[in-house]
Amino acid sequence: MSQAEVTAPVARKVSPLWTFGLLRSELATTFRRWRTLALLAVLAAVPVLVGVAIKIETSDGSAVGGGGGEGPAFIAQITNNGLFLVFTALAATLPFFLPMAIGVIAGDAIAGEANAGTLRYLLVAPAGRTRLLLTKYATTMAFCLVATLVVAVSALAVGALLFPLGELTTISGTRISFGEGLGRALFIALVVAASLTGVAALGLFISTLTNSGIAAMATTVGLLITVQILDQIPQLHALQPYFFSHYWLSFADVMRDPVYWDDLVRNLGLQGLYVAVFGSAAWARFTTKDVTT
């Protein structure tokens, strides 16, 4: 046997069950952390605060907000139907609270392990860098879905307790049943979760650039705030359709009859582009990174 054959690394086969076990372990670790539970608690509290504030404001029979429309203008419909609190809560949390929570989880995914000194030990296990990176991103995506559903379920519970439920009037002025409205609310929650995939990929990429979890989280949240500010500057209108946050509130088009799909498709396509670009960048960086911690 030649010296090259003796020193050649032995390829390790990883079974699908081991991969599933790694994902299950990452999910359990992420959702058991006090930081994760605190983020979910804050997100769940937003619909409660909005619902109670509207209930107090309208207790004397006065109206709240403006007319029907997109985003926060759903507030005007909440007193007539508590299901509109779901749409309002998602519109209120999507610009900052939800993406900030995603940025914290994604930014800490790799950098947090490096900072804690556990990244090297994870790589010693028969996982491989690509599989570990995909597991981290899958865990972040699971948090995206759970965080969005926490907001939606909290809003639905508060809306049902404080306001009447029944048929809904869409933005187009047509009436739909409560069951159909509930289905559209679930679909909107899924759209909102999908809208956060770009931020998750960006945060994961930043997490591969540093060994400090706090630095990665702060950078991700800082970029999030910067992009949203730039998205409000009229002089940058030519660039704004390429900002990951530009079409976030397009989920309101689900409440049209028929559903207006153009901006929804643009939003999902844009998120897919960010996932492809920053996911590839994260893979290129992580697979060549010198891991010493």
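Quick note: structure is the one above.
So, the nonpolar core
Val86, Phe87, Phe143, Ile188, Phe244, Phe251 and Met255 are the most contacted members of the largest nonpolar core, which has 69 residues in total. Of all the secondary-structure elements, those providing two or more residues to this core are helix H3 (34–57), helix H5 (84–93), helix H6 (97–116), helix H8 (129–162), helix H9 (178–195), helix H10 (197–207), helix H11 (213–230) and helix H12 (262–288). Among the elements that make up this core, the one with the highest residue count is H8 (10 residues). Residues within four places of Met255 in sequence aside, it is in contact with Phe74, Phe84, Phe87, Leu168, Thr170, Ile171, Ser172, Ile176, Arg184 and Ile188.

Regarding the packing of aromatic side chains
By the definition in use, this model includes 8 aromatic pairs. Ring plane angle 45° and centroid distance 5.8 Å describe the contact between Phe244 and Trp248, whose orientation is recorded as tilted. Here the two residues Phe244 and Trp248 agree in accessibility, since each one is buried. Ring pairs connect the aromatic residues Phe205, Phe244, Trp248, Tyr274 and Phe278, which therefore count as one cluster.

A few points about the packing of H8 against H12
Interaxial distance between H8 and H12 falls to 10 Å at its minimum, and their mutual angle equals 140°. The angle between the axes of H8 and H12 places the two elements in the oblique class. For the element pair H8 and H12, the recorded crossing hand is right-handed. Contacts between H8 and H12 involve Arg129, Thr130, Leu132, Leu133 and Tyr137 from the former and Val275, Ala282, Trp283, Phe286, Thr287 and Thr288 from the latter. Counted by class, the contact of H8 with H12 contains 7 nonpolar, 3 polar and 1 charged residues.

Overview of the environment of Ile214
With respect to the element layout, Ile214 can be found in helix H11. Using a relative accessible area of 64% as the deciding quantity, one classes Ile214 as exposed. Residues Ile214 and Asp108, 106 residues apart in the sequence, show an inter-C-alpha distance of 7.3 Å.

Examining H11
With 18 residues, H11 extends 26 Å between its outermost C-alpha atoms, agreeing within 8% with the 26 Å of an ideal straight helix rising 1.5 Å per residue. Considered for burial, the residues of H11 that qualify are Gly213, Ala216, Met217, Thr220, Val221, Leu224, Val227 and Gln228. Across the axial projection of H11, the buried residues extend over an arc of 125°, all falling on one side. The outward face of H11, more than 90 degrees from its buried face, is lined by the exposed residues Ile214 and Ile229.

So, how was this worked out
Residues numbered from 1 in each chain as written. Predicted model: local features only at pLDDT ≥ 70, side-chain atom pairs only at ≥ 80, totals over all residues. Heavy atoms only, no water. Core = buried A, V, L, I, M, F, W, Y, C linked by side-chain atoms within 4.5 Å. Buried < 20%, exposed > 50% of the residue type's maximum accessible area, 1.4 Å probe, protein only. Helix = DSSP H or I, 4+ residues; strand = E, 2+ residues; numbered from the N terminus. Contact = heavy atoms within 4.5 Å. Phe/Tyr/Trp six-rings, centres within 6.5 Å; stacked < 30°, edge-to-face > 60°. Axes fitted to C-alpha atoms, helices over the stretch in contact; angles between N-to-C directions. Parallel < 35°, antiparallel > 145°, perpendicular 65-115°, else oblique. Left-handed = near helix turned anticlockwise from the far one by under 90°. Nonpolar A, V, L, I, M, F, W, Y, C, P; charged D, E, K, R; others polar. Expected span 1.5 Å × (residues − 1). Arc of directions from axis to C-beta.

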